[in-house]
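A closer look at the structure
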Amino acid sequence: MERMGHCIRQAVEEGLWKSMQFSVDGLGLSHLFFADDLVLFCKAELEHARIVKEILTQFCYFSGHKVNNQKSQIYFLAIVDNTVANEIREYLGVIRTDDLGKYLGVPLLHL
């Protein structure tokens, strides 16, 4: 997982991955690792989905792990155009959700 984190940080540093900004001058958030889960944050564009998929593919190749698309979910902010959201969801082959649920009893989204 540490190697995946390095790949994500490198993509951010190279400007390929736009992380989520919570304030104008604040730090960007690109990913969160949990015990056996991963949450990725990026701009809702097909090009960013390609970068995400490339990094996940590399990770799976080198680690021997596989992404379970049936357990994977994607969440879009309300401002994301539905056509773009559906294109990204189809490209990644994951389920779209409006609720990411809870982790250790704490909701993952506070909107």
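Just above sits the structure.
Residues numbered from 1 in each chain as written. Predicted model: local features only at pLDDT ≥ 70, side-chain atom pairs only at ≥ 80, totals over all residues. Heavy atoms only, no water.

Remarks on the nonpolar core
The criterion, for reference: Each nonpolar core is a collection of buried residues, namely Ala, Val, Leu, Ile, Met, Phe, Trp, Tyr and Cys, held together in the definition by side-chain atoms within 4.5 Å. Type-normalised accessible area, obtained with a 1.4 Å probe on protein chains alone, sets the label of each residue: buried when under 20%, exposed when over 50%, and partly exposed for intermediate values. What counts as a helix is a DSSP run of H or I of at least four residues, what counts as a strand is a run of E of at least two, and both are numbered from the N terminus.
With eleven residues, the main nonpolar core is built from Met-4, Cys-7, Ile-8, Ala-11, Trp-17, Ile-51, Val-52, Ile-55, Leu-56, Phe-59 and Cys-60. When residues of this core are traced back to their parent elements, those giving at least two are helix 1 (2–13) and helix 2 (46–63). One finds Ala-49, Ile-74, Ala-85 and Ile-88 within the second-largest nonpolar core, a separate group that totals nine residues.

What to know about the packing of aromatic side chains
Stated precisely, the cut-off is as follows: Here is the rule: rings of Phe, Tyr and Trp (six-membered ring for Trp) pair when centre to centre is within 6.5 Å. Planes less than 30 degrees apart are stacked, more than 60 are edge-to-face, and the remainder are tilted. Two thresholds decide whether a charge sits over a ring: the Lys NZ or Arg CZ must be within 6 Å of the ring centre and within 35 degrees of the ring normal.
Overall, the coordinates contain one aromatic pair when judged by the stated rule. Centroid distance Tyr-61 to Phe-62: 5.0 Å. Interplanar angle 85 degrees. Geometry classified as edge-to-face. The pair formed by Tyr-61 and Phe-62 is uniform in burial state, with each residue classed as exposed. Residue placement shows Arg-50 over the ring face of Tyr-91; its charged tip is 5.8 Å from the ring centre.

Observations concerning the pattern of salt bridges
The criterion, for reference: Criterion for a salt bridge: a side-chain nitrogen of Lys or Arg within 4 Å of a carboxyl oxygen of Asp or Glu.
Applying the stated criterion across every chain, the model contains three salt bridges. Ionic pairing is found between Arg-50 and Glu-47, a salt bridge with its closest N-O pair at 3.5 Å. Separated by three residues within a single helix, Arg-50 and Glu-47 lie in helix 2, roughly one turn from each other. You can call Arg-50 partly exposed: its relative accessible area is 37%. By relative accessible area, which is 45% here, Glu-47 ends up partly exposed.

Thoughts on the side chain of His-48
In plain terms, the rule: Should any heavy atoms of two residues lie within 4.5 Å, those residues are counted as being in contact.
Along the chain, the position of His-48 falls in helix 2. Ignoring sequence-local partners within four residues, the contact set of His-48 consists of Leu-16, Trp-17, Lys-18, Cys-42 and Lys-43.

Here we look at the environment of Ser-19
With respect to the helices, strands and loops of the structure, Ser-19 is situated in the loop between helix 1 and strand 1 (20–21). Between the C-alpha atoms of Ser-19 and Phe-41, which are 22 residues apart in sequence, the distance is 5.9 Å. Excluding residues that lie within four positions of it along the chain, Ser-19 makes contacts with Gly-28, Leu-29, Ser-30 and Phe-41.

Remarks on the side chain of Ser-30
On the secondary structure map, Ser-30 appears in the loop between strand 2 (28–29) and strand 3 (31–33). Residue classification places Ser-30 among the buried residues on the basis of a relative accessible area of 9%. The contact partners of Ser-30, leaving out residues within four places of it in the chain, are Ile-8, Val-12, Trp-17, Ser-19, Val-39, Leu-40 and Phe-41.

So yeah, pure geometry; function would need other evidence.
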